[in-house]
Amino acid sequence: MTTLSNSDKIVIIDQKIKNLDYQRYSVNLDIQLEGSVSTPDQDNLDSLNVKLLDIVTKLDILNTEKTSLIE
């Protein structure tokens with residue numbers, strides 16, 4: 001049994017969402033920077049795009065959990 005209230009859980013989820021938003025912004029910047037050079041490294045771009053998709057997936061999970069706690 002957990003001693004956390006739903007509002008406690010939401011605070012934790014919000015912190016995780018904020019951290020992932022920072023990561024998403026950073027990865028987007030990295031994609032822009034890699035794309036701006038004369039010969040972008042396609043492997044690097046592919047890796048960054050995978051990271052971005054992973055972040056979006058995690059955000060979806062957290063937002064779903066947060067919604068379930070609010071209802």
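Residues numbered from 1 in each chain as written. Predicted model: local features only at pLDDT ≥ 70, side-chain atom pairs only at ≥ 80, totals over all residues. Heavy atoms only, no water.

> Just to check I follow, could you spell out helix α1 (residues 6-36) for this structure?
Along an α-helix, residues three or four positions apart point the same way, because every turn accommodates 3.6 residues. Taking 1.5 Å as the rise per residue, α1 with 31 residues should run 45 Å; its terminal C-alpha atoms sit 44 Å apart, in good agreement. Where α1 is buried, its residues touch α2 (42-70). (Helix = DSSP H or I, 4+ residues; strand = E, 2+ residues; numbered from the N terminus. Expected span 1.5 Å × (residues − 1). Contact = heavy atoms within 4.5 Å.)

> So what exactly am I meant to see when it comes to the packing of α1 against α2 here?
For any two helices packed against each other, one specifies the inter-axial angle together with the distance between the axes. Between α1 and α2, the least distance of the axes is 9 Å, while the angle of their chain directions is 160°. Looking at the two axes, α1 sits roughly antiparallel to α2. Remark: the crossing between α1 and α2 carries left-handed chirality. Considering only residue class, the contact of α1 with α2 consists of 14 nonpolar, 7 polar and 11 charged. (Axes fitted to C-alpha atoms, helices over the stretch in contact; angles between N-to-C directions. Parallel < 35°, antiparallel > 145°, perpendicular 65-115°, else oblique. Left-handed = near helix turned anticlockwise from the far one by under 90°. Nonpolar A, V, L, I, M, F, W, Y, C, P; charged D, E, K, R; others polar.)

> Is there a simple way to explain the environment of P40 in this structure?
For P40, the position within the fold is in the loop between α1 and α2. Excluding its chain neighbours within four sequence positions, the residues that come into contact with P40 are E34, G35 and L45.

> Help me understand α2 in this model?
In this model α2 runs 42 Å from its N-terminal to its C-terminal C-alpha over 29 residues, within 8% of the 42 Å that 1.5 Å per residue would give. When we look at burial in α2, the residues that qualify are L45, L48, L52, I55, L59, L62 and L69. Where α2 is buried, its residues touch α1. If you check the start of α2, you find a side-chain oxygen 2.9 Å away from the backbone N of D43, and it comes from D41. (Buried < 20%, exposed > 50% of the residue type's maximum accessible area, 1.4 Å probe, protein only. Polar contact = N/O pair within 3.5 Å; in protein donor to acceptor, adjacent residues only side chain to side chain.)

> What should I look at first to understand the nonpolar core in this one?
Burial of nonpolar side chains together is a common tendency in soluble globular proteins. Counting residues in each nonpolar core, the largest one holds 13 residues, and the members touching the most others are V27 and I31. Taken together, the elements giving at least two residues each to this core come down to α1 and α2. The leading source of residues in this core is α2, at 7 residues. Not counting chain neighbours up to four residues away, the residues in contact with V27 comprise L48, K51, L52 and I55. (Core = buried A, V, L, I, M, F, W, Y, C linked by side-chain atoms within 4.5 Å.)

> I keep staring at the environment of I61 and nothing clicks. Help me out?
Relative to the helices and strands, I61 is located in helix α2. Residues I61 and I17, spaced 44 residues apart in sequence, show a C-alpha to C-alpha distance of 9.9 Å.

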